[in-house]
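A closer look at the structure
Here's the letter readout for the chains.
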Amino acid sequence: MVEDAALAATVSEHIIEQGWAGYQPAQHGIWRQLFERQAKLLPGRACEAYLRGLDKLAIAADGIPDFERLSDLLEADTGWRLVAVPGLVPDDVFFYLLAKRRFPTTNWIRKPAQLDYLQEPDVFHDLFGHVPLLTDPVFADYLQAYGRGGLKALRLGALPKLARLYWYTVEFGLIETPEGLRIYGAGILSSFEESRYCLESRKPNRLPFDLLRIMRTRYRIDDLQDVYFVIESFEQLFEATRPDFTAHYRHLTHQADIHPGELLPGEVALDIAA
Ligand code: PHE
Ligand code: FE
């Protein structure tokens, strides 16, 4: 495992201290503003597992959480911990951390002028958006499996395909529940506008989860999504992604990409109640 040791060394170069004591009152204030806005919106829109996780981890309006305190609660639950990073980390570092059940969490918070949309993750997106679901045992295993799959996809030159799976599940996933359609994707959960749009707008297509279809579908990072994929359960997601993707990647090299807003012949978008 020589390679693994080299990667481990690179990883430690990207991890920093959160510096919790250094946040200014105004920065905690931005957290509070964002938190309160989403907390009003998400009951009845976010999936139960997510809302339960917020509660279990005592993520609240008070201010930016202390990663160490939060990690102790989370580790006791599903074995995950947060590690602080200054921003996006290289792909191999990201996957390595996920494979070790370490969630890289950006430590800075957006400026007042950026309350509504950021292209780069900050602590509100990473922590409020992603961390609560890590208390769900099946989702927690899925994200670790994704990390291992990422390292493999890098070796196979298939990362662009696999990245779409992350995008359309971990970031922008919807889940069907007996009470109706709910959000589990962090990119939606941390966005004021998208958390209503994804459920209520007639504009985007909502399609049933389909692994190969997702890996062919491009995505946009600069606007609300044109398509969402709907899972039935985290078990479905975990089981569908468990097989070796090597053959899928080979197959996909002969398949054309699909535009985000495009429906293939025969595809029917799910209906939402008017
Ligand atoms: N089963 C995938 C592979 O062999 C790994 C994976 C698991 C990818 C879960 C994504 C999510 O590459
Ligand atoms: Fe994210």
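Report follows, based on the coordinates. (Residues numbered from 1 in each chain as written. Chains lettered and ligands numbered in written order. Predicted model: local features only at pLDDT ≥ 70, side-chain atom pairs only at ≥ 80, totals over all residues. Heavy atoms only, no water.)

As a further point, take the site of ligand 1. Near ligand 1 the following residues occur: Y142, A145, Y146, G149, K152, L162, L165, T241, R242, P243, D244 and F245. T241 is positioned with one of its backbone polar atoms (N or O) 2.7 Å from a nitrogen atom of ligand 1. Between ligand 1 and R242 there is a distance of 3.3 Å, counted from a nitrogen atom to a backbone nitrogen or oxygen. Computed on the free molecule, ligand 1 has an accessible area of 320 Å², of which 93% lies beneath the protein chains in the complex. When residues of the shell around ligand 1 are traced back to their parent elements, those giving at least two are α7 (137–156) and α8 (159–171). (Near = heavy atom within 4 Å. Polar contact = N/O pair within 3.5 Å; in protein donor to acceptor, adjacent residues only side chain to side chain. Areas by Shrake-Rupley, 256 points an atom, 1.4 Å probe, with all protein chains shown as cover. Helix = DSSP H or I, 4+ residues; strand = E, 2+ residues; numbered from the N terminus.)

For the iron ion (ligand 2), the full set of protein donor atoms is H125 (NE2), H130 (NE2) and E171 (OE), and the range of their distances to it is 2.0 to 2.1 Å. Mapped onto the sequence, the donors of the iron ion (ligand 2) take the spacing H-x4-H-x40-E. Using a relative accessible area of 11% as the deciding quantity, one classes H125 as buried. Exposure remark for H130: the relative accessible area of 5% places this residue in the buried category. (Donors = N, O, S within 2.8 Å, 3.2 Å for Na, K, Ca; no water. Buried < 20%, exposed > 50% of the residue type's maximum accessible area, 1.4 Å probe, protein only.)

This part covers the sheet that holds strand β3 (residues 174–177). The mixed open sheet is built from 4 strands, whose spatial order is β4-β3-β6-β5. The open sheet has two edge strands with one neighbour each: β4 (180–183) and β5 (205–208). The average undirected angle you get between the axes of adjacent strands in this sheet is 35°. Sheet topology note: the β5/strand β6 (residues 227–231) ladder contains 4 bridges and is parallel. Residue N205 lies in a different strand from β6, and its bridge partner there is V227. (Pairing = 2+ DSSP bridges. Axes fitted to C-alpha atoms, helices over the stretch in contact; angles between N-to-C directions.)

Quick look at the state of the cysteines now. One pass over the full model with this rule turns up 0 disulfides. Free of any disulfide, C198 has its nearest neighbouring cysteine sulfur in C47, separated by 11 Å. (Disulfide = S-S within 2.5 Å.)

So, about the packing of aromatic side chains. A full pass over the atoms with the stated rule returns 18 aromatic pairs. Plain terms: the ring middles of W31 and F124 are 5.3 Å apart, the flat faces sit at 75° to each other, and that makes the pair edge-to-face. In this pair, W31 is assigned in helix α2 (residues 25–41) and F124 in helix α6 (residues 123–130), connecting sequence segments 93 residues apart. Both residues of the pair, W31 and F124, count as buried. Here the aromatic residues W31, F35, Y50, F124 and F128 are joined through ring pairs into a cluster of three or more. Looking at R196, its charged tip hangs above the ring of F192, at a distance of 4.9 Å from the centre. (Phe/Tyr/Trp six-rings, centres within 6.5 Å; stacked < 30°, edge-to-face > 60°. Lys NZ or Arg CZ within 6 Å of the ring centre and 35° of its normal.)

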